[in-house]
Amino acid sequence: TKISGVELRRIAMPLVAPFRTSFGVETSRDVLLVRVVTSDGEGWAECGAMSEPRYCSEYVDGAQDVLRKFLIPALPKDGLDVQAVGRILHPFTGHNMAKSALETAVLDAQLRGVDESFGSYLGAARDRVPCGVSVGIMDSIPELLDAVEAYIGEGYVRIKLKIEPGWDIEPVRVVRERFGDELLLQVDANAAYTLTDAQHLTKLDDFDLLLIEQPLANDDMVQHAQLAKRLRTPICLDESIESAADAAAAISLGACSIINIKPGRVGGYLEARRIHDTARAHGIPVWCGGMLETGIGRAANVALAALPGFTLPGDTSGSHRYFATDITQPFVLSDGHLDVPTGPGLGVTPLPDLLDEVTTSREWIAL
Ligand code: OSB
Ligand code: MG
């Protein structure tokens, strides 16, 4: 297989409603798509980076720049296998979301060439996955209750509430009271607290939450281990886990008892699978996180979420939770689940007319 080049395409995807977290508000996704063109066909992927470096240090202009200047030029013109991509990109530090997008596009092209799906390649153990939904911070409690009620009505099997200081105990209390003890409920702080908030966070222990996600700062591994000793609510790490080595460290420290795996954050689906394997060997449940992906990123996430160690519902929501019109055939919930795509590679491609309508720029990097 020869790679002739890579297209970097930016699209503007308005969200159906603003998504507010402890690190900011998103009203539209500025998404970088990567298309690898090879002698055997092409491969697509989506970069998870957001427009500003708030969730993590990456941002979409920066991801495009590092791809253009360093990551794409490092690929060999000929004989590339996806297993080699990680090794080739390893000398460049950081930029996991940019690396993940490039590796995933190469994997998509490679799998399409041999007519194998992502799910089959990664080791999916089921043909559909249960879906949760991440509910942003709202302006008022009545708005929150309406939003949660609508999602439950659509079939979502698990609700995750975004929290921050000032929007934590009360929203959890009212959602638990209104929707009952059976509701699978969890919270995500996106690093909004410090260890001095430990006493306050123990109040969440009354509500039988599945987990609290990333309460403390990204590099607070030791502090998370200390917090875990003081909470009954299990701690799940998101931002802190950037590799299988981080996952092993967090597990052995007792910093978490559950892991949110986002392929972009950890540099790709191969590293994501290594984290799954490590966690599974230690009896640590994992689930698939999201970065408000279009159908391109979602297809691969749903395949990953079908691996056997993904024993909790993920943030793999249906397309319409994010966008009025997706760029692929939309992912639609059925009985609270999404089907794992079965076609070659990602099993989906951007629909050309829809893609052109939302495209804001295109750049061709020849190899
Ligand atoms: O922390 O999980 C997170 C979205 C963007 C950045 C970070 C996070 C999220 C979500 C939504 O919680 C996940 C999704 O539905 O894609
Ligand atoms: Mg999170």
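Further up the page is the structure itself.
Every value quoted in this text rests on a predicted model; they were computed, and no experiment measured them.

How each quantity is defined
Residues numbered from 1 in each chain as written. Chains lettered and ligands numbered in written order. Predicted model: local features only at pLDDT ≥ 70, side-chain atom pairs only at ≥ 80, totals over all residues. Pairing = 2+ DSSP bridges. Helix = DSSP H or I, 4+ residues; strand = E, 2+ residues; numbered from the N terminus. Buried ≥ 20, exposed ≤ 12 C-beta atoms within 10 Å, placed from the backbone. Contact = placed C-beta atoms within 7 Å. Near = placed C-beta within 6 Å. Nonpolar A, V, L, I, M, F, W, Y, C, P; charged D, E, K, R; others polar.

Some remarks on the sheet that holds strand β10 (residues 258-261)
Next up, step 1: Taking strand neighbours across the sheet as the criterion, the seven strands line up as β5-β6-β7-β8-β9-β10-β11 in an open arrangement whose pairing is parallel. The open sheet terminates on both sides in strands that have one partner only, identified here as β5 (132-135) and β11 (286-288).

Digging into the environment of N190
Next up, step 1: One can find N190 in the loop between β7 (184-188) and α7 (198-201).
Next up, step 2: Overall, the presence of 20 C-beta atoms within 10 Å leaves N190 in the buried class.
Next up, step 3: Every residue in contact with N190, bar those within four places of it in the chain, is listed here: T21, S22, F23, Y55 and Q214.

As for the pairing of strand β2 (residues 24-38)
Next up, step 1: Where strand β1 (residues 3-21) and β2 come together, 14 bridges link them in antiparallel fashion. Opposite I11, over in β2, you have V31 as the bridge partner.
Next up, step 2: In the sheet, β2 pairs with strand β3 (residues 41-47) via seven bridges, with the strands oriented antiparallel. Within β3, the position partnered with V36 by the bridge is G43.
Next up, step 3: Between the end of β2 and the start of β3, which pair antiparallel, lie two residues.

Here's the deal with the site of ligand 1
Next up, step 1: Every residue near ligand 1 is listed here: Y55, S134, D188, N190, D238, G289, G290, M291, L292, D315 and S317.
Next up, step 2: Grouping the constituent residues of the shell around ligand 1 by class yields three nonpolar, five polar and three charged.

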